Structure formats: structure tokens, C-alpha cells
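# A structural walkthrough
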Amino acid sequence: MSRINVFDTTLRDGEQSPGVNLNQLEKLEIAKQLERFGVDIMEAGFPASSQGDFEGVRNIARTIKNAAVTGLARAKKSDIDIAWDALKDAAEPSLHIFLATSPIHMTYKLKKTPDQVISTAVDMVSYARRNFPNVEWSAEDASRSDIDYLVKIIEKVIDAGATVINLPDTVGYTTPEEYGYLFRYVRENVRNIDKVVLSAHCHNDLGMAVANTMAAIKNGATQIEGTINGIGERAGNAALEEIAVALNIRADKYPFTTNLVLKEIKRTSDLVSKLTGMAVPGNKAVVGKNAFAHESGIHQDGVLKNAATYEIITPELVGVLSNDLVLGKHSGRHAFKDKVIQLGYQFTDEKITEAFQAFKQLTDRKKEVTDDDLFTILTDIQTDVKDVKKYELESFQVQYGSSNIPTATVALTTPDGEHVEAACTGKGSVEALYNTLEALIEEKIHLTDYRLNSIGSGRDALAQAHIKMTVNDISVSGRGSAQDVLEASAKAFLNAVNRVFIKQHSYQKETANL
Ligand code: KIV
Ligand code: ZN
């Protein structure tokens, strides 16, 4: 069986999804989980695009030891230099340079001739190789490029020192037959192709990203790129978990192995969905809530007689476990700490204390505390930016009745440490609460989206709110969880406001030493 490298770009192409804005701690948490999932290489961001991206990539490069960390760069010396600063401390510093090769991109976007594109690509790859041991070069919009021009430029870029060649279907236009043919042609016609890893990178505009990736594997790709849950710009990227499971279940057709740990799929998917606020559709392959639910009587009957009648993937394969009671009201700190470690969190004693208090508060109100509940509490604590000035919720009260005007009263501590209070009405309880928060916060706020879901099932399930808003015309998302829907909503609102506030005021200074 040949081994396929897995390149994850959740934190770069995935983070380019509209409305996704992860803070440094959230990016780091996702990176650690990708390491546990067993990806070979993770693209942590685009260091030259912003100071936040630079710091995010640098933090990840300094932390992750069991996967290569890479960052994106345009074919420009300044981008490559900035990327080196961000990545030089990585266990295996790698760079990803892209330059478009299709006629439409070269003519209208780059305004360069095909020969100028070749010379820029060659110059920038050899410039990058002065520092980076690994350099991936992407022929952006490869699937709409002239195939013989691709052969020519790839040969030269390999001679210049590229170690990986990537052929992206940037606009999700290709079909499995075409994309497979492209890989076979490049394998058969590029003189020096055996010196490099050959990579596939697909977008999902026509819903064929995973099928195209599988076709590339069949035809000579030795690396595949994608994101968790298939998130990404427009219709997203190829979903890594789907490719991983397809390779496993259809090993008869695809005799290839990866380093991925399939039972980490559910956890990775949940984490990415929670932190990005991008919900996983119920019918999504492999990780959707209904992926293992059998609704019709005939199917249920079949599954009871023999699960294999209608179930080709077992929930256990991808780490979907039954939601057993894990800890309860009487569990002590020691058992709790063991569970935190077992769930894969590396907490300081201070964080264990904070988490234990949150757990105890939950057990006062919720009889059964599940792994999903703990995952929510622990992830919130792990990704909360501490010791910076921000808005904090002191208390709130909402009055609602079918014949009253909903009214909310809220008390906050402002970033300057001031105590403020206000009361406002609204047409519903959430609106009253949000009107009051807006009245207390001295920023220009416009709410654009609000979503509420429950963690697990049962009347006493935790609520999780995800919102999108603009704060001073900057788009931002926020999330909050609590046992009460209004408290979760208030937390999500403040979480979004604080993201912008922290970024604008003190965040970079405070996290410089992360
Ligand atoms: O889809 C694409 O072409 C990309 C490049 C930056 C590799 O993401
Ligand atoms: Zn892409």
C-alpha cells in the first residue's frame, strides 16, 4: 500500500470562510487537535496577510512538534521573508508559495506573460530554498491551465528546488476524469516529477471536491489537501474526514494508507465547528448528526438484525461514542483531573481549578454531565483570552410574559473597570437583552446573524449561541455556552465585541509572549 501525505489547510483556506475569525488560542487549539488527528503537514495561515496571522502561525510553529507547519506566501520576496520569521522555529519549517498559471489569471490578475510567470516562480522558489528545507509550489488555477505549459513550468520549478508540486482546482471547476487525467499526464510527462511530492487541492463549487481528490490519488497524487468539515471559501474545500474514511472503507479500490487516526475525526470536527461557528449539516457525510441515524422502519429492522445491512461506517470508527454519564455531582477533583487528561486537554493547575468550578456549577443544575458537556466547558476555558481588558458580564435579568413588554436589565464591567448598568425593552427576550448590551457598550454594533443549538439532548442540555455582527464596521463572530439560552446569548454577544475590542486595543501586546 502506498502512503499518502495529508496536508490540512483548515487554518488557512478554511479560515477564509466568510465570518470566521479565530483568535490565537483557538487557532492553537485546532492545531493541537490536528496533530492528534495525525495530519502530516498543517497550513497555519498566511503570515504576510496580517499581524494576527503572523502571530498565529508563529505560535503554532513553536508548539507543534509531530507535524510539519507551513504558511502561505505569494511569489514575492517580502512574503517569503515574513513567512520565514514566522516559521523558522518549527520542527520542520515549510513554505507554500502560489502563483497562477491559467491564461485568465495570468492575463487579467497577474498581467504577466507565461514566460514572466515561469521566471517569477523559479526565482521565488530558489529564493525560498535559501532558508526553507521544504517548499511547496502551487500552480494556482492549475485545472484551467494549459497542460503542456504546466509540464514546462513544473519541470523548471522542480529544478529550482521545489519539494512539493500542488495542482489546485482553485475554482472547483474540474471533474474526476479531467483531474485524474491531469495527474496522470503530469506524472508521465514531467521529466523530474519523481523528485517531488505531487499534491491535489480541490474546491467544492460543483460538489466534486472529494471525488476529484480520490481521482487524483488513483492517478499519481502522493499528497492530498483539504479542511476539516470541508470548510473554506465559497463552497469550501475537500473534506479531509470524508477522504480519510473513503480510503479506509474502500481500500479495495484505493490501496493507500495515511497517518490519520480515524477515531479523532469526531472530536476534530466538533472542535472546528464550535470554534469557527460553522455548523455541520445534519446530513453531512461522516460527521453529520444523522450520519449514523436510521429513520425508516425497514432500515431500523435491518440494522437491528445485522448492522452491516445499512451501515457501511461504524460510529466507533470515527470516534462517535455513546454519550455515557462520565462524571456527576459527587465526582471529586482527582477524578475530574483524570478525565480532563483523558479528553486530551493539557491544563495548568490554575485552569484545572477554574474548570472544576465550572463543572461543579454545572452539576448543581444538570444531573448528567457528558463528554460533550465537558468538551464545551473545557474548550471555552482553554480558548478564553485572559488578563486583558475587556467587557465582563456581572449579572442580568430578563422579564418576559405573553402580555408584558420584554425588559432586560444588565450589569457589566467595562474594560476600564467601571461598573455600568442599564435596562431596555425589546420585542422578545433576546432582543431586549441585546438592546441593553448595545446601550452599555460604546462601540457601533450591528447584529447580522444569531443561531442557537443544544449540546447533546435532554431538557437540561447546555445551550450554545453563535452570532455574527459588525463592531465598528468590522465583521466578527462570537460564541457563548451556558445552561440557559439567554445567558449563552449574552455571552456570545460579549465574546464578539471583546474579539474586536481586544484586537484593537491590547491583544497584540498582551499575547506577544504566548
Ligand atoms: O485554491 C487554491 O488555489 C489555493 C492556493 C493558494 C493554493 O488555495
Ligand atoms: Zn484553495
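Residues numbered from 1 in each chain as written. Chains lettered and ligands numbered in written order. Predicted model: local features only at pLDDT ≥ 70, side-chain atom pairs only at ≥ 80, totals over all residues. Heavy atoms only, no water.

## A look at the overall build of the protein chain
On a plain count of helices and strands, the protein chain comes out with 17 helices and 16 strands. Compactness check: the protein chain gives a C-alpha radius of gyration of 25 Å against a globular reference of 24 Å for 514 residues, within 12% of the reference. Overall, the protein chain is about 75 × 60 × 45 Å in size when its C-alpha atoms are taken along their principal axes. In the protein chain, buried positions account for 55% of the 514 residues. A fraction of 67% describes how many contacts in the protein chain between residues 6 or more apart in sequence connect residues 24 or more apart. Summed over its atoms, the accessible surface of the protein chain is roughly 22900 Å², and 49% of this surface lies on carbon and sulfur atoms. Each charge sign in the protein chain was given a centre, from 57 positive and 69 negative side chains, and these centres are 2 Å apart. (Helix = DSSP H or I, 4+ residues; strand = E, 2+ residues; numbered from the N terminus. Rg over C-alpha atoms; globule rule 2.2 N^0.38 Å. Buried < 20%, exposed > 50% of the residue type's maximum accessible area, 1.4 Å probe, protein only. Contact = heavy atoms within 4.5 Å. Areas by Shrake-Rupley, 256 points an atom, 1.4 Å probe, with all protein chains shown as cover. Lys, Arg positive; Asp, Glu negative; His and termini not counted. Charge placed at Lys NZ, Arg CZ, Asp CG, Glu CD.)

## A short note on the coordination of the zinc ion (ligand 2)
Protein coordination at the zinc ion (ligand 2): the donors are Asp 13 (OD), His 201 (NE2) and His 203 (NE2), at 2.0 to 2.1 Å from the metal. Here the donor residues for the zinc ion (ligand 2) map to a single chain with the spacing D-x187-H-x1-H. Assessed through its relative accessible area of 5%, His 201 is described here as buried. Overall, His 203 belongs to the buried group, its relative accessible area being 5%. (Donors = N, O, S within 2.8 Å, 3.2 Å for Na, K, Ca; no water.)

## Points about the domain arrangement of the protein chain
Here the protein chain is described as being made up of domain 1 (2-276), domain 2 (292-319), domain 3 (333-382) and domain 4 (392-513). In this structure, domain 3 and domain 4 have C-alpha centres spaced 23 Å apart. Each side of the interface is counted separately: domain 3 has eight residues, and domain 4 has nine residues. Together domain 3 and domain 4 conceal approximately 790 Å² of surface at their shared face, both sides included; 46% is due to carbon and sulfur atoms. Inspection of the domain 3/domain 4 interface yields two residue pairs in polar contact (both at pLDDT 80 or more). If you list the elements that add at least two residues to the side of domain 3 that touches domain 4, you get helix H13 (349-365) and helix H14 (371-382). If one sorts the elements of the side of domain 3 that touches domain 4 by residue count, H14 sits on top with four residues. (Domains from an automatic or database assignment. Buried area = accessible area lost by both parts, 1.4 Å probe. Polar contact = N/O pair within 3.5 Å; in protein donor to acceptor, adjacent residues only side chain to side chain.)

## Structural notes on empty space enclosed by the protein
In the structure shown here, the tally under the stated rule is one cavity of 30 Å³ or more. In this structure, the largest cavity encloses a volume near 30 Å³. Taken together, Glu 29, Lys 32, Arg 36, Gly 344, Tyr 345, Gln 346 and Gln 382 make up the full set of residues lining the largest cavity. For the lining of the largest cavity, the leading source of residues is helix H1 (residues 24-37), giving three residues. Residue assignment places the lining of the largest cavity across two domains, with domain 1 (2-276) and domain 3 (333-382) each supplying three or more. (1 Å grid on protein atoms, 1.4 Å probe; cavity = no way out; pocket = protein on both sides within 12 Å on 5 of 7 lines; lining within 4 Å. Points joined across faces, edges and corners; volume = space filled by probe spheres on them.)

## Observations concerning the packing of helix H15 (residues 429-440) against helix H16 (residues 485-504)
Contact geometry for H15 and H16: axes closest at 10 Å, N-to-C directions at 35 degrees. Where H15 crosses over H16, the handedness of that crossing is right-handed. In this structure, H15 contributes Ser 429, Val 430, Leu 433, Tyr 434, Leu 437 and Glu 438 to the contact, and H16 contributes Leu 486, Ser 489, Ala 490, Phe 493 and Leu 494. Across the contact of H15 with H16, the residue classes tally to eight nonpolar, two polar and one charged. (Axes fitted to C-alpha atoms, helices over the stretch in contact; angles between N-to-C directions. Left-handed = near helix turned anticlockwise from the far one by under 90°. Nonpolar A, V, L, I, M, F, W, Y, C, P; charged D, E, K, R; others polar.)

## Things to note about the nonpolar core
One finds Ile 97, Trp 137, Ile 154 and Ile 165 to be the most contacted residues of the largest nonpolar core, which totals 112 residues. If we skip the residues at most four places from it in the chain, Ile 165 touches Trp 137, Ile 154, Val 157, Ile 158, Val 196, Val 197, Leu 198 and Ser 199. In terms of nonpolar packing, the next biggest core, distinct from the first, is built from 30 residues, Met 469, Ala 482, Ala 492 and Phe 501 among them. (Core = buried A, V, L, I, M, F, W, Y, C linked by side-chain atoms within 4.5 Å.)

## A look at the environment of Glu 136
By the element assignment, Glu 136 lies in strand E6 (residues 134-140). Its relative accessible area of 4% is what places Glu 136 among the buried residues. Sequence-wise, Glu 136 and Gly 236 are 100 residues apart; in three dimensions their C-alpha atoms are separated by 21 Å. Ignoring anything within four residues of it in the chain, the contact list for Glu 136 reads Phe 7, Leu 95, His 96, Ile 97, Thr 163, Val 164, Asn 166, Gln 223 and Glu 225. In terms of polar contacts, Glu 136 uses its side chain to reach the side chain of Asn 166, at 3.4 Å. A polar atom in the side chain of Glu 136 sits 3.2 Å from the side chain of Gln 223.

## What about the packing of helix H5 (residues 114-129) against helix H6 (residues 147-159)?
Two elements in contact, H5 and H6, have axes whose closest approach is 9 Å; the angle formed by their N-to-C orientations is 25 degrees. In this view, H5 runs roughly parallel relative to H6, as classed from their interaxial angle. Considering only the axes of H5 and H6, their crossing is right-handed. Two secondary-structure elements touch here, H5 through Pro 114, Asp 115, Val 117, Ile 118, Ala 121, Val 122 and Val 125 and H6 through Tyr 149, Lys 152, Ile 153, Lys 156 and Val 157. Classifying every residue of the contact of H5 with H6 by side-chain character gives nine nonpolar, no polar and three charged. (Parallel < 35°, antiparallel > 145°, perpendicular 65-115°, else oblique.)

## Some words on the pairing of strand E14 (residues 445-455)
Pairing geometry for E14 and strand E15 (residues 462-471), over 10 bridges, is antiparallel. Counterpart to Ser 454 in the pairing with E15 is Ala 463. As consecutive antiparallel partners, E14 and E15 are separated by six residues, and within that stretch Gly 456 has a phi angle of approximately 75 degrees, a positive value. (Pairing = 2+ DSSP bridges.)

## A few points about the pattern of salt bridges
Enumeration over the complete set of coordinates arrives at 32 salt bridges. The partner of Lys 274 in a salt bridge is Asp 380, and the shortest N-O contact between them spans 3.1 Å. You can see Lys 274 sitting in helix H10 (residues 265-276) and its partner Asp 380 sitting in helix H14, a full 106 residues away along the chain. The buried category is assigned to Lys 274, whose relative accessible area is 4%. Here Asp 364 ties to Lys 329 by a salt bridge, and the two come within 3.8 Å at their closest N and O atoms. Taken together, the positions of Asp 364 in helix H13 and Lys 329 in the loop between helix H11 (297-305) and helix H12 (333-342) put the pair 35 residues apart, joining distant regions of the chain. A relative accessible area of 58% means that Asp 364 is categorised as exposed. You can call Lys 329 partly exposed: its relative accessible area is 45%. Residues joined by salt bridges that share partners form a network here, namely Glu 26, Lys 274, Asp 380, Arg 479 and Arg 499. (Salt bridge = Lys/Arg side-chain N within 4 Å of Asp/Glu carboxyl O.)

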